[in-house]
Structures are given as C-alpha cells and as structure tokens.
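Coordinates in review
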Amino acid sequence: MSVETQKETLGFQTEVKQLLNLMIHSLYSNKEIFLRELISNASDATDKLRFEALAKPELLEGGAALKIRISFDKEAKTVTLEDNGIGMSREDAITHLGTIAKSGTADFLQHLSGDQKKDSHLIGQFGVGFYSAFIVADKVDVFSRRAGLAASEGVHWASKGEGEFEIATVDKAERGTRIVLHLKKGEEEFADGWRLRNIIKKYSDHIALPIELPKEQHGEDKPAPSETETEWETVNRASALWTRPRTEVKDEEYQEFYKHVAHDFDNPLAWSHNKVEGKLEYTSLLYVPGRAPFDLYQRDASKGLKLYVQRVFIMDQADEFLPLYLRFIKGVVDSNDLSLNISREILQKDPVIDSMKSALTKRVLDMLEKLAKNDPEQYKAFWKNFGQVLKEGPAEDFANKEKIAGLLRFASTSSDAGEQSVALADYIGRMKEGQDKIYYLSGESYAQVKNSPHLEVFRKKGIEVLLLTDRIDEWLMSYLTEFDGKHFVDVARGDLDLGKLDSEEDKQAQEEVAKAKEGLAERLKTALGEQVAQVRVSHRLTDSPAILAIGEQDLGLQMRQILEASGQKVPESKPIFEFNPNHPLIEKLDAEPDEERFADLSHILFDQAALAAGDSLKDPAAYVQRLNKLLVELSA
Ligand code: ADP
C-alpha cells in the first residue's frame, strides 16, 4: 500500500446526501444496475481519453488497449472495477464525486413527496450514476490518476456513503480509475463470476470497449490467487452498437444502449437507426425518451447528441445536429466526413452540419409520425411529456411546419375532458359539409374555454372547435396559419364568417337584423364610449346576451397577459362588443327609455362579457355598485 498524504475529510453537497438516501430506498429491487452505471462511467472515461489523445498522444502512456476489468474477492467481499481511461485528479474527484452539477437538482429532490421517494423511476429520471455504488456497498474506495499527471499525483477517495468522504493523495502507477466496492452484508452474491458475467451480458453487452473478467477455471468459479497469474477474458461483444446492421441488433440491446447514452433508467419510447451513404456518410441512432427529464425546461439542461467521428468519441451534448424543439431526443451520430479535431466553434459554422441537421430533423419527425400511427397509446405518452416542446416547432422550423403541425394534438369540443388527443387530420376528417376552416378558441383553462359563449353557434351547428389552453398556444397559432390547405380561424376574433356553413337565407336574415338593430348598436356605443372599438349584432350567440370579440389584428388575451407578466408594454386594444338581439335582456335593454339605466345595464353586460372571456375588470368596484343598484331596484 502506498503512502497517503494530504489526507482530509470533506462533506458531501446536500443534494448528494439526499440522492444517496433516496437511492438506497428506491432502488432496492433493482440493485444490480450499479454495475451498469459504473461500467457506463468507465466507458465514458475511455472515450474521453481517446479523444484527448488525438491532440496529445502521450496521454496514452505507451498505448495498452483501452478496457475495463472487473474482479472480485469472495473472502474480502469486494468487487473491483478498473479502467484505463482518462482518470481523475484530486480536484476532479472532489467535485465529480462530491457534488452534483446539474442545476435544478435541489429543487427536484426537495419536491419529491413521500410516495414518490419510493419510486425508482423518479430517481432514475435523474440518473444516479456513480452513487449507485452505495446500493450494494457500505464502503467505496476509488483510486484514480488523471492521464498526463505524474504517478505521485494519484488520488484515493473513500466513503461510507453517509455524509462525508475522505480524500488523499497517493501513488498510482497506472492511469485510470479503480473502484473497490466493499459489499454490504447480504449483498455478497455480487462477488461471484457467474453473477457478474450475467449482469454484464444483460446490461453492458453493447459497450464498445472490452469488459474483462477473470477466466473461469475448470468450470469452477474461482479467480486465480495472484494478479500476475490471472487470465482474463472478454465477456461482452465489445463493438460499437450503432456500427452493427439493424437486423442484428435486438430490441433489448437498443434499450440498454439508450440507458447508457441518455443516463436514463427507463426504456425509450422509440428509436431510429440509420446509416447514410453517398455525398455525406454518417450513422445515426436517435431515441425518443420514455419520459421528460426533470430539467427539460432548464436553460442549461443537457441536450444534443453524442458525437463520434469514425468511431472515436468527440463530444457529448453536440446540440448543433437538431433544432431546439427536438432537444429531448437522445442518441449518437457518427460521421465519416468531419475531421477528428473538430471543435464546437467549427461545428457551428460547418455547412456539412447544416445538411446533417436537416436530415436528422426529418428522421425524428418521421419516427414520431410512425409512432403516432402505429402506437397511439405510446404517442399519447410522448405527447404528455414532450408536446409542449414540440409546439415550439412551427416557429423555429419553417421548412417542416406542416409536418410538425401533423404531429400536434389538441383538446377540442369533441375530445374527452380536455384531453389533448385530436390530430388536425382527425379534425379535418370530421369537418361539416361546406366547412373549409379549422376553428379554434384559446384561453386560460379548459374549464373557461369549454363554457365560452364564443362556442354557442358552433355547438348549435355541430361544428368542432379546437380548445387551446397551453400558455404557448396563442403564440404557436401566430405561426400556424394553415394545415392541409385549410386556414385556422380564431372564433373569438374579428367578424366571424362561417362561410358556406351559413346558408344564403341565414346571411340575408343576419343582414336584416343588423339593419333593424342599428339604432340599438349606436345607443350602446354611446353608453360604452371609449371602452369598445365597435358595437354590432352578433351571429355567434344563442344563449348569452353579449360577447367581446378581439379585433382582427389585435393581440389575444393570452399573449397580452404573458407579455404584461413579463413586464412589457402592450399596445392597448379595444374589444368589439357584440350583442345577441334575441336575448330577453337585450330586448329589455332596447325598450329601456331611461338613459341612465340604459347606460348602467350596458356596462354590466360589457363587464360580464369580459369576465366570461377570462379577462379581469378594469374597475370591479363600479361593476359591483351597478349590479347592487339593480338588485335593490329589483327587490324594491
Ligand atoms: P454522470 O456520469 O452522469 O456525469 P456520475 O455521478 O456517474 O454522473 O459521475 C460523475 C462524474 O465523475 C463523471 O461525470 C466523471 O467526470 C467522473 N467519473 C465517474 N466515474 C469515472 C471513471 N471511471 N473515470 C473517470 N471519471 C469518472
């Protein structure tokens, strides 16, 4: 044993303590995954070394083949993983094995409820990585040395996984990392060649690097007594999965590879594996995750693909290959055209990347189309997790607007309880004879839009209306003007023209009524004054007395509220007041001789229409006063 110097004891970051605690309680039924996680890290570490060695070949220190060795000691009850990858310096070990760098972690962990704490999927969503060692070990020793540092600059990190870890500087002749797991009581089964081999085959067969175990002797599972005599054998397939032909890769292999690439626990929903030959040559393997990561909406959340050039790992999170609205896609891209010393800066400018990006984007959209068609249930899950992000698509990716629109799902007057399940193609399939527009109404919540007076005429005529209640919807609709040649029409906007859905007689009757009620319209306009842009007879109402429509060019309520909330100055716009000439209240109003009373009633109707549209009142006290005055008169 070499001498340890500069020994100190440090505390884990609070988040690490919480994670360790949760993990041990939620992953007890899936303990064996610790090996997968540690192998995954070792594989990443050799990838990083190979990459850095492109510029500095001396890092390879003579060039022994990159590999992972796993050994065990039944008596000492230990399992040891050793890799000759990039390794860690003392500082690396302190930060990487003592803190969690992902932003939003503390928040995520804090908000897990008691029940959720037992849910391995929630912890899995987070990616437990190195700390999973503590599922089976009550003490973990890590010996490491970063490539390029002197043998005397090795580090020994040790912890019982409770609140702190020890760190010391040690000699380490070989570059890379050795992790010794001291198995907990009851977990001795892992110190067993047969068991380890099975776990490796099950979860880590796809790892491109050889994973070696001591060779079994005479069918007996006993490693040789000393290191020098140990014969090793490779137990995994050890070839990069994406380089194999699609037909030879089993679903389970694709799934395990996904977990390695995405640091996810759950299976992906779908994947697409393609080899492109011709002007550009590359292989891509793209996955749709099964659930959203906890930091999907964090600005600095990990996104992008793992980039390889001719099988050599170049970088993680290469986000130049997919648009932002597909940032949830995980996977690898391996190019034969890019140079091995490509940097992020060059990636951003390289025209090759642009054409790869548009091809990969199309691949993802095709994969989603296929999923929607072949497995609507799975697509529903996809939509729940990532629908909001996909809605950013039409604004970002003009060229694929129609394709993205086809993937969107909406709630509508025909869907159950506000479920976002209606595709635009379904809507078009259900259109009434003579209908050539796609109608929608946006608002704050399903409860609010579902009962909006704007829907009355549509209900009467049996026409479906899409109900848009996500914050992003109105903004989305400002980019989506048509689908399949049909224009979108906001039913709360402008002068609703139902086109052929109204018969000639209907239209004539409407004109006549408008003419007959011109006087009332003018009287109302005088009473309401500057609050309204216009007053007119409505054709959209059956049950309500009045409604507020938005001007054709004005901002909708939702956009206005979002802009206001973000502190921006929003141009003032006045609504159009429409009244229902057949409503008894309007009839009464028309017959009201007293101008003051007429004005009071008009204001009440206006305010009520604003409330029904989900807007707030400019002067709520005045509304209450007028209403009370009316109530007093009524009960007098
Ligand atoms: P993640 O792998 O998701 O980043 P982990 O907790 O598994 O998170 O690991 C934290 C960090 O510790 C890694 O990102 C890496 O920098 C370092 N690390 C872990 N295992 C090794 C290893 N075998 N060799 C070198 N560095 C490692």
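Residues numbered from 1 in each chain as written. Predicted model: local features only at pLDDT ≥ 70, side-chain atom pairs only at ≥ 80, totals over all residues. Heavy atoms only, no water.

1. Some words on the pattern of salt bridges
Heads up, the condition is: Basic side-chain nitrogens of Lys or Arg form a salt bridge, by our definition, when they fall within 4 Å of a carboxyl oxygen of Asp or Glu. The buried label applies to any residue whose accessible area, calculated with a 1.4 Å probe on protein chains only, is under 20% of its type's maximum; exposed applies above 50%, and partly exposed to all values in between. We count a stretch as a helix when DSSP gives it H or I for four or more residues in a row; a strand needs E for two or more, and each element gets its number in order from the N terminus.
One pass over the full model with this rule turns up 51 salt bridges. A salt bridge links Glu174 to Lys172, with the nearest nitrogen and oxygen atoms 3.7 Å apart. The partly exposed category is assigned to Glu174, whose relative accessible area is 42%. A salt bridge links Asp506 to Lys461; its shortest N-O distance comes to 3.7 Å. With Asp506 in helix H18 (residues 504-516) and Lys461 in helix H16 (residues 456-461), the pair connects residues that are 45 residues apart, well separated along the chain. The network of salt bridges with shared partners includes Lys201, Asp205, Arg237, Arg244 and Glu253.

2. Remarks on H18
Three- or four-residue spacings in an α-helix give side chains the same orientation, since the helix completes a turn every 3.6 residues. To be explicit about the condition: Helix span is expected to be 1.5 Å times the residue number reduced by one.
Compared with the 18 Å implied by 1.5 Å per residue over 13 residues, the 18 Å span of H18 between its first and last C-alpha is a close match. Burial analysis of H18 places just one of its 13 residues in the buried class, which makes it a mostly uncovered element.

3. Let's talk about the domain arrangement of the protein
Often, the extent of an interface is quoted as the loss of accessible area on bringing the components together. Operational definition: Segmentation of the chain into domains, including their bounds, is taken from an automatic or database domain assignment.
Split into domains, the protein comes out as domain 1 (5-239), domain 2 (242-382), domain 3 (408-492) and domain 4 (504-635). On a C-alpha basis, the centres of domain 1 and domain 3 stand 53 Å from each other.

4. Observations concerning helix H1 (residues 14-26)
Taking 1.5 Å as the rise per residue, H1 with 13 residues should run 18 Å; its terminal C-alpha atoms sit 18 Å apart, in good agreement. Buried within H1 we find Glu15, Val16, Leu19, Leu20, Leu22, Met23 and Ser26.

5. A short note on the side chain of His603
This is how it is decided: Under this definition, polar contacts are N or O atom pairs within 3.5 Å; protein pairs additionally need one hydrogen-donor-capable and one acceptor-capable atom, and for neighbouring residues in sequence, both atoms have to be side-chain atoms. Residues are treated as being in contact if the distance between any of their heavy atoms lies within 4.5 Å.
Mapped onto the fold, His603 is located in helix H22 (residues 595-612). Within the structure, the side chain of His603 is placed 3.2 Å from the side chain of Gln531, a separation counted as a polar contact. Non-local contacts of His603, meaning those with residues more than four positions away in its chain, are made with Ala527, Leu528, Gln531 and Arg626.

6. Some remarks on the sheet that holds strand E11 (residues 282-288)
The test is simple: Here, strands pair whenever DSSP counts at least two bridges between them. In this analysis an axis means a line fitted to C-alpha atoms, helices contributing only their contacting stretch, and an angle means the value between N-to-C directions, from 0 to 180 degrees.
Spatially, five strands are ordered E10-E11-E14-E12-E13 in an open sheet, and the strand pairing comes out mixed. The sheet is open, and its two edges are formed by strand E10 (270-276) and strand E13 (312-318), each paired on a single side. Strand-to-strand twist in this sheet, taken as the mean axis angle between neighbours without regard to direction, amounts to 15°. Sheet topology places E10 next to E11; seven bridges connect them, and they run antiparallel.

7. Re the site of the ligand
Threshold: In this text, near means that some heavy atom of the residue lies within 4 Å of the molecule or strand in question. All accessibility values rest on the Shrake-Rupley procedure with a 1.4 Å probe; residue burial counts only the protein chains present in the view. Residue polarity follows a fixed list, in which Ala, Val, Leu, Ile, Met, Phe, Trp, Tyr, Cys and Pro are nonpolar, Asp, Glu, Lys and Arg are charged, and the others, Gly among them, are polar.
Near the ligand there are 13 residues, and of these Asn41, Asp83, His96, Gly129 and Phe130 occur at the shortest range. A distance of 2.9 Å separates a nitrogen atom of the ligand from a polar side-chain atom of Asp83. Protein contacts shield 80% of the accessible area of the ligand, which totals 530 Å² for the unbound molecule. For the shell around the ligand, the element with the most residues is helix H2 (residues 33-55), which contributes three residues. Counted by class, the shell around the ligand contains six nonpolar, six polar and one charged residues.

8. Brief notes about the sheet that holds strand E4 (residues 137-145)
Strand order in the open sheet formed by nine strands is E1-E6-E5-E4-E7-E3-E2-E8-E9, with mixed pairing between adjacent strands. One side of each edge strand has no neighbouring strand; the edge strands of this open sheet are strand E1 (5-11) and strand E9 (232-234). With strand direction ignored, the average angle separating the axes of adjacent strands in the sheet is 20°. Across eight bridges, the pairing between E4 and strand E7 (residues 176-183) is antiparallel. Opposite Asp141, over in E7, you have Val180 as the bridge partner.

9. Regarding the nonpolar core
Put simply, the rule reads: Here the nonpolar core consists of buried residues drawn from Ala, Val, Leu, Ile, Met, Phe, Trp, Tyr and Cys, with membership extended through side-chain atoms lying within 4.5 Å.
Counting 77 residues, the largest nonpolar core has Leu307, Phe321, Ile329, Phe382, Leu390 and Tyr439 as the members making the most contacts within it. For this core, the element with the highest residue contribution is helix H10 (residues 351-374), accounting for nine residues. Mapping this core onto the domain boundaries places at least three of its residues in each of domain 2 (242-382) and domain 3 (408-492). Filtering out sequence-adjacent residues up to four positions away, Phe321 remains in contact with Leu305, Leu307, Val333, Leu338, Leu347, Ile353, Met356, Lys357 and Leu360.

10. What to know about the pairing of strand E22 (residues 576-579)
Here E22 shows two buried faces, one formed by Ile576 and Glu578 and the other by Phe577 and Phe579. With four bridges connecting them, strand E20 (residues 534-537) and E22 associate as parallel partners. Opposite Val535, over in E22, you have Phe577 as the bridge partner. As paired strands, strand E21 (residues 546-549) and E22 are joined by four bridges and run antiparallel to one another. Along E22, the bridge assignment pairs Ala549 with Ile576.

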